[in-house]
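# Close look at the chain arrangement
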Amino acid sequence: MNTDNERRYHIGQHRGHRHTSSSSRSSSSNNSSRLYERYNVNVNKTSSRHQQQHSKSRGRHTRRDYNDASSIVSDDGTIIDRDRLTQRLKLVALALVLYTIYTRLSTTSEKVETISIRSDYINDPISKEHQEEVTSLKRFSDHFAKKQLQQDLLESIQKQADEQQQQQNNKLSSSLRKKRWNPCLNSKKYELERHDHEARHGDVCRAKGGGLGIYECPEGCHETGQAPYCANSYGKNSKSTIGDKGTACRVRNPSAPPEYRCDSGSTCILAVSTPGGEDGAGEYYDDTCDNKCLDGRKGELTEWVVSTGQCTNDWDCSLAGTCIEGKCECDPWAEGVDCSYLRFQPVDKSKLGYLDEHHSSWGGSIVHKSNGEYLMYVSEIICKEDPDTRKRCGLNNWETHSRIAQVISSSIEGPYERWEAEPVLLPPEHHNPSVHVSPKTGDWVLYTISGSTGPIERMVSKDEGKTWGNPMTVSPRQNPGPFLNDDGSTYLFYRGDGMDIAHPTCSDEGIAMQHCPSDNEVCNAPNDLVVISHTGEDPSVFRDHRGYYHMLFNALPYKCVPKLQQGGHAWSLDGINWSNPRIGAFDTTIQFTDGSSITCERRERPQMVIGKDGKPLALVSGVTGCPKALGHADVAGNWKFYRGGDDSFTLIQKMGI
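This is a predicted model, so every value here is computed, not measured. (Residues numbered from 1 in each chain as written. Predicted model: local features only at pLDDT ≥ 70, side-chain atom pairs only at ≥ 80, totals over all residues. Heavy atoms only, no water.)

Okay, unusual backbone geometry next. Omega for the bond connecting G414 with P415 falls within 30 degrees of zero, at 5 degrees, which places this linkage in the cis form. For P415, the location among the structural elements is in the loop between β18 (402-409) and β19 (417-418). Backbone geometry places L319, a non-glycine residue, at a positive phi of 55 degrees. With respect to the element layout, L319 can be found in the loop between α7 (303-307) and β11 (321-324). (Helix = DSSP H or I, 4+ residues; strand = E, 2+ residues; numbered from the N terminus.)

The buried count for strand β37 (residues 616-624) comes to eight of nine residues, which makes it a mostly enclosed element. For strand β36 (residues 602-610) and β37, the ladder comprises seven bridges, and the chain directions are antiparallel. Bridge pairing in β37 links M608 to L619. Counted along the chain from β36 to the antiparallel partner β37, the turn is five residues long, and its residue G614 has a positive phi close to 85 degrees. Across seven bridges, the pairing between β37 and strand β38 (residues 648-654) is antiparallel. Looking at β38, one finds that V623 is bridged to F649. (Buried < 20%, exposed > 50% of the residue type's maximum accessible area, 1.4 Å probe, protein only. Pairing = 2+ DSSP bridges.)

Turning our eyes to something else, we now look at the packing of aromatic side chains. Per the stated rule, a full pass over the model turns up seven aromatic pairs. Aromatic side chains F483 and Y549 sit 5.2 Å apart centroid to centroid with 65 degrees between the ring planes, which places their arrangement in the edge-to-face category. Of this pair, F483 sits in strand β25 (residues 478-484) while Y549 sits in strand β30 (residues 549-554); the two residues are 66 residues apart in sequence, bridging distant segments of the chain. Residue class for Y549 comes out buried when judged on its relative accessible area of 8%. Taking 5.6 Å as the distance between ring centres and 75 degrees as the angle between the ring planes, the aromatic pair formed by Y642 and F649 counts as edge-to-face. (Phe/Tyr/Trp six-rings, centres within 6.5 Å; stacked < 30°, edge-to-face > 60°.)

All right, on to the environment of T224 then. Mapped onto the elements, T224 comes out in the loop between β7 (221-223) and β8 (230-232). When its relative accessible area of 36% is taken as the criterion, T224 is described as partly exposed. Between the alpha carbons of T224 and A248 there is a distance of 9.6 Å; along the sequence they are 24 residues apart. Residues contacting T224, with those up to four places away along its chain left out, are Y229, C230 and A231. (Contact = heavy atoms within 4.5 Å.)

Considering all chains together, one arrives at 21 salt bridges under this definition. D338 serves as the salt-bridge partner of R582, at 2.8 Å between the closest nitrogen and oxygen. Taken together, the residues span a long stretch of sequence, with R582 in strand β33 (residues 582-583) and D338 in the loop between β13 (334-335) and β14 (341-342) at a distance of 244 residues. For the pair R582 and D338, one class covers both residues: buried. Two residues, R602 and E604, come together in a salt bridge whose shortest N-O distance is 2.8 Å. If you follow the salt bridges from partner to partner, you end up with R495, D497, E509 and E537 in one network. (Salt bridge = Lys/Arg side-chain N within 4 Å of Asp/Glu carboxyl O.)

This is the structure we're talking about:
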């Protein structure tokens, strides 16, 4: 009934007399003989005993000879040496394993079939204990073969990956290899950390692996113990550094391309495409651009001035003046051959704007109250630690500790003091305030951002700032510059990141616009429109007394260094289609009424104050990096409040009327 293969799984289960024919006995005897011959077992010496034991057998077909613990007695009475059998089985298993390994190594591209242990011995009725041992060896053999195949496959994949990586490494261009330039003295432990866009922070060699505070100075620079942490050790002609001796450390790759360029033809800037990169654009090597940038104030950049010397319409005069007999007659707030530059009055040192004793600030927006007072909503920056006791912690805290404060003055230029009725309108993190009076309803409308990167919120007051409604999120953008239309809608200009700005440029930030249907609706995001395709942020739009639109903005944000002439000015007939901007329309130099002047590092967040007649009155801006000799003087002549460095304040400068 059962085949030989089936019968081996029933060992120890079937009991009773075994009935077999002579032919089957003969076949079994022959099979046993061949098996014994393979293991050198003497069949003749055990045949008689086999016949005797078989005639008496009942129960198990295979039993142990208890007189000899190292032997096994089969059905036919043959005594098998157990130790020798075990040794032979192990040799067979080892041979099969070695054969399997050889097969896998030699045929990795073909399907390898599992090699099973096939032996006459397995099909013979031996003890259950040894049957399990043989089966276990077989499973181990198969498992080992599969593992070996997987290992071979992984090694093959890794080898291909290594070859591809080697090919890519061989194809690296010279420009990519330049980015790996490392001027650190111990380049195995330190890597260069560039700070080109931070004027007071020198380049340093920072410890690899994120070692906080662990650094050394690059070659050609020396440690100072305070910011700039490293300073230049050589002069301008050094091959390893840029800048004057003692200034913030600036290292330069000798094989890198030039880093300076004339932005829009007139402003010399240091263009760094990515933080840590050395791939500037242009043909100049120093911070003067070899004095080859053109002078826009003289008309060297204006097409009609260069070609004919005669203007033909007000557009040629930047819509900030009128074209009369071929010459531009500029409005009082503008100057230059084409009226594209801003004209300022000198500043009274006692009326700088908002320079508070306790808090730094960064720009604001002014509205004229009906009682004649000027109320300014300003970005006030408090200290991260001990804000109630520490004073003037500077611009670096703005992202998390900027709040909207209300300050007031009887004159437009200040000085402004905190409005005690409600000094703090919005808590941190609020920034970039811009307040306007609705031409439709007369309500005050205040726009801010509620985080360092937005979103933009809007608030409305119906009682000149005494009370305000709840903030409403109107746009996911940032740096709002709203213009309120007569029909109740709003053009919301903002800083657009990730823009496709034509090269050469040092940033992907430009100016875009959204349309907001009303004060009660969010802005229409799908209709975003790019209006200024030049590096820029902090847009502010106003309409003059002739109905022309003007935009002021920071034209050199983030990676453009230096920023001394960063003011941008563009003009438009409809508020949607804009001119190319004038770069350098205002700079960071401040003239004083006593004949002195100072030059600061940055002047941003421009917002124009417009009079009732529609003419510009004063420019509000955030200023930082000014000399310490600025602010109020006490009776002993000592300056106080402004501490220099990254300290900032809000400057108000009247226009030249």
